[in-house]
Amino acid sequence: MPCLAWDLPDGPSAASVTYIEGAHAMLVTGDPGSRSLLAEAPERFRASGQVGDAHMATMLWAMAEAFFGTRTSASAARDAYVGEAEASGAEWARTWAQWCTGLVELRHGEAERALAHLQQALAGNRRSGTAGDRCGAWRPWPGRWRPP
């Protein structure tokens, strides 16, 4: 019998449940409510010592703000993610931060400025061989993916 997160004592408040619900709301249902779930998830992960998961949650929060938030909220979330990415020293995190910066510009700013950031993200990805991403599944997102 599988164990469901909801069946655990802290299930409904578990960081991973908040994160997964937020990711699902953003990527599958296109729910602007994903913003609040994904804003909450990083601190829940940090509280339990899950720094890597907190970083991923911050990245998705920045994306949710870009897709559904205002320029102000999207810029604030992007800045938080860029700061984390720079502090991590990980090239893959920096390329994703550059990509998020381009996404914020694409959705709330100027397409010309977005293009430069997205190109820099791709160049960083190619330089580092980021996470073995040979197919570049994330690359079409800025221009093609639309919330449902």
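Just above, that's the structure.
In this text the structure is predicted, and so the values were computed from the model without any measurement. (Residues numbered from 1 in each chain as written. Predicted model: local features only at pLDDT ≥ 70, side-chain atom pairs only at ≥ 80, totals over all residues. Heavy atoms only, no water.)

Caption draft 1: Quick look at the packing of aromatic side chains. Inspection of every chain in the model, using the stated rule, returns three aromatic pairs. Taking the centre distance of 5.8 Å and the plane angle of 70° together, the rings of Y19 and F45 count as edge-to-face. A residue pair is termed long-range when its members are at least 10 positions apart, and Y19 in helix α1 (residues 15-27) and F45 in helix α2 (residues 34-47) qualify at 26 residues. Both residues of the pair, Y19 and F45, count as buried. Seen in terms of ring centroids, W96 and W99 are 5.6 Å apart; in terms of plane orientation they differ by 65°. Their pairing is edge-to-face. Residue W96 and its partner W99 are located together in helix α5 (residues 91-108), separated by three residues, close to a single helical turn. Given the relative accessible area of 15%, W96 is considered buried. (Phe/Tyr/Trp six-rings, centres within 6.5 Å; stacked < 30°, edge-to-face > 60°. Helix = DSSP H or I, 4+ residues; strand = E, 2+ residues; numbered from the N terminus. Buried < 20%, exposed > 50% of the residue type's maximum accessible area, 1.4 Å probe, protein only.)

Caption draft 2: Representation of the environment of A85. Following the sequence through the fold, A85 ends up in helix α4 (residues 71-88). Linking A85 and H55, residues 30 residues apart in sequence, is a C-alpha distance of 8.0 Å. Each residue touching A85, except ones within four places of it in the same chain, is listed here: H55, A90, A93, R94 and A97. (Contact = heavy atoms within 4.5 Å.)

Caption draft 3: Summary view of the pattern of salt bridges. Per the stated rule, a full pass over the model turns up eight salt bridges. Between E84 and R46 there is a salt bridge whose closest N-O contact spans 2.3 Å. Placement of E84 in helix α4 and of R46 in helix α2 is noted, with a sequence separation of 38 residues between them. Exposure remark for E84: the relative accessible area of 21% places this residue in the partly exposed category. Among the salt bridges present, the one from R78 reaches D79, with a minimum N-O distance of 2.9 Å. By relative accessible area, which is 45% here, D79 ends up partly exposed. Overlapping salt bridges bring together E43, R46 and E84 as one network. (Salt bridge = Lys/Arg side-chain N within 4 Å of Asp/Glu carboxyl O.)

Caption draft 4: Expanded view of helix α3 (residues 51-68). Taking 1.5 Å per residue, 18 residues should reach 26 Å; α3 reaches 25 Å between its end C-alpha atoms and fits that length. With 14 of 18 residues buried, α3 is to be regarded as a mostly interior element. (Expected span 1.5 Å × (residues − 1).)

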